[in-house]
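Listed here are the chains, written in short residue letters.
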Amino acid sequence: MTSLTAHGEPPRYFTFPALAAAGLPHASTTRHCPGVTSPSQPTSPFTSDAHETLAAAGLDLARVAYARQVHGADVAHGLTRGGVAGAVDVLSTAERGMPLAVFTADCLAITLWDAESAALALAHVGWRGTVKRAQQSAVAAATALGASPARLRVAIGPSIGPCCYEVDEPVVSDFTHAFGETRWRRWARPSSNGRLLLDLWTANEELLADAGVDPARIENPRLCTACHPALFYSYRKGNRGRLVTVAALP
Ligand SMILES: [Zn+2]
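What this report covers is the structure whose coordinates are included nearby. Quick caveat, the model's predicted, so the values are computed rather than measured. (Residues numbered from 1 in each chain as written. Predicted model: local features only at pLDDT ≥ 70, side-chain atom pairs only at ≥ 80, totals over all residues.)

Focus: the overall build of the protein chain
Inference 1: Across its full length, the protein chain carries 7 helices and 16 strands.
Inference 2: Taking 2.2 N^0.38 as the reference for a compact globule, 250 residues should give roughly 18 Å; the C-alpha atoms of the protein chain span a radius of gyration of 17 Å, in line with that estimate.
Inference 3: Overall, the protein chain is about 45 × 40 × 35 Å in size when its C-alpha atoms are taken along their principal axes.
Inference 4: Within the span of the protein chain, comprising 250 residues, buried residues form 48% of the whole.
Inference 5: For the protein chain, restricting intrachain contacts to residue pairs at least 6 apart in sequence, the fraction spanning at least 24 positions comes to 63%. (Helix = DSSP H or I, 4+ residues; strand = E, 2+ residues; numbered from the N terminus. Rg over C-alpha atoms; globule rule 2.2 N^0.38 Å. Buried ≥ 20, exposed ≤ 12 C-beta atoms within 10 Å, placed from the backbone. Contact = placed C-beta atoms within 7 Å.)

Spelled out as structure tokens, the structure:
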């Protein structure tokens, strides 16, 4: 388990210590970051307040690229300019200084970076994206830009944890169909009220490892959005706000 570095009081965004130490400008916002809306709006999801706040993280939101996220595994490959990159859930770029952004409120925002080849990918992954292997699409997207999967540094943002993520059909059948009973039994456990609790963190870590990622290079603070309503938005807890994870090649 890794921890996050808080920026601001109350924290407006977090950074991942290993990504920061290696020099990647990035941020995962909290509900205290001003000026973040949703990428489904016709207007920009960032106001000038967000531009100003995230500039402190070395991110130039005037150049940011993002997508209309659709819970799939399709990729907008090798982006060279900002704005809406289509209806996809994985973004990649080899362009230095151009931020990629993924919006979440319980789903996983996964950042993948190979410093040596200057390849960056971000993925929005909920249960549907997990089943469709969006995390592996992101590894492939980075690899297509010259990354080595084993060299990738990966970070999983604050998202809903196995403490709070109750699921039933069609999640159960889709997971067992996609990954088999053995994995399902490892990733899900019964809750005290007879429902099932799904561990999307472990599922995604294992699927990333299947794609060649070194588990020791995955930073996952295992910080649950539903457990920390003072810090995060949680769709499951009835919030309609969005958190955003943003990163740009140095
Ligand atoms: Zn929780």
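Text resumes after the structure shown.
Description of the sheet that holds strand E7 (residues 90-93)
Inference 1: Taking strand neighbours across the sheet as the criterion, the 6 strands line up as E5-E7-E10-E9-E11-E15 in an open arrangement whose pairing is mixed. Only two strands of the sheet have a single partner each, and these edge strands are strand E5 (75-76) and strand E15 (218-219).
Inference 2: Here helix H4 (residues 134-144) sits on the sheet in contact with E5, E7, strand E9 (108-114) and strand E10 (119-125), set at roughly 170° to E10. (Pairing = 2+ DSSP bridges. Axes fitted to C-alpha atoms, helices over the stretch in contact; angles between N-to-C directions.)

Let's talk about the nonpolar core
What tends to happen in soluble globular proteins is that the nonpolar side chains get buried as a cluster.
Inference 1: Core analysis: the biggest nonpolar cluster contains 78 residues, and Val90, Leu91, Ile110, Ala121 and Ala138 have the highest contact counts within it.
Inference 2: Ranked by residue count, the leading element in this core is E10, at 6 residues.
Inference 3: Among all residues touching Ala121, those that are not within four sequence positions of it are Val90, Leu91, Ser92, Leu112, Ala138, Ala141 and Ala142. (Core = buried A, V, L, I, M, F, W, Y, C linked by C-beta atoms within 7 Å.)

A short note on the environment of Val70
Inference 1: Relative to the assigned elements, Val70 resides in the loop between strand E4 (65-66) and E5.
Inference 2: Look past the residues within four positions of Val70 in its chain and what remains in contact with it is Ala87 and Asp89.

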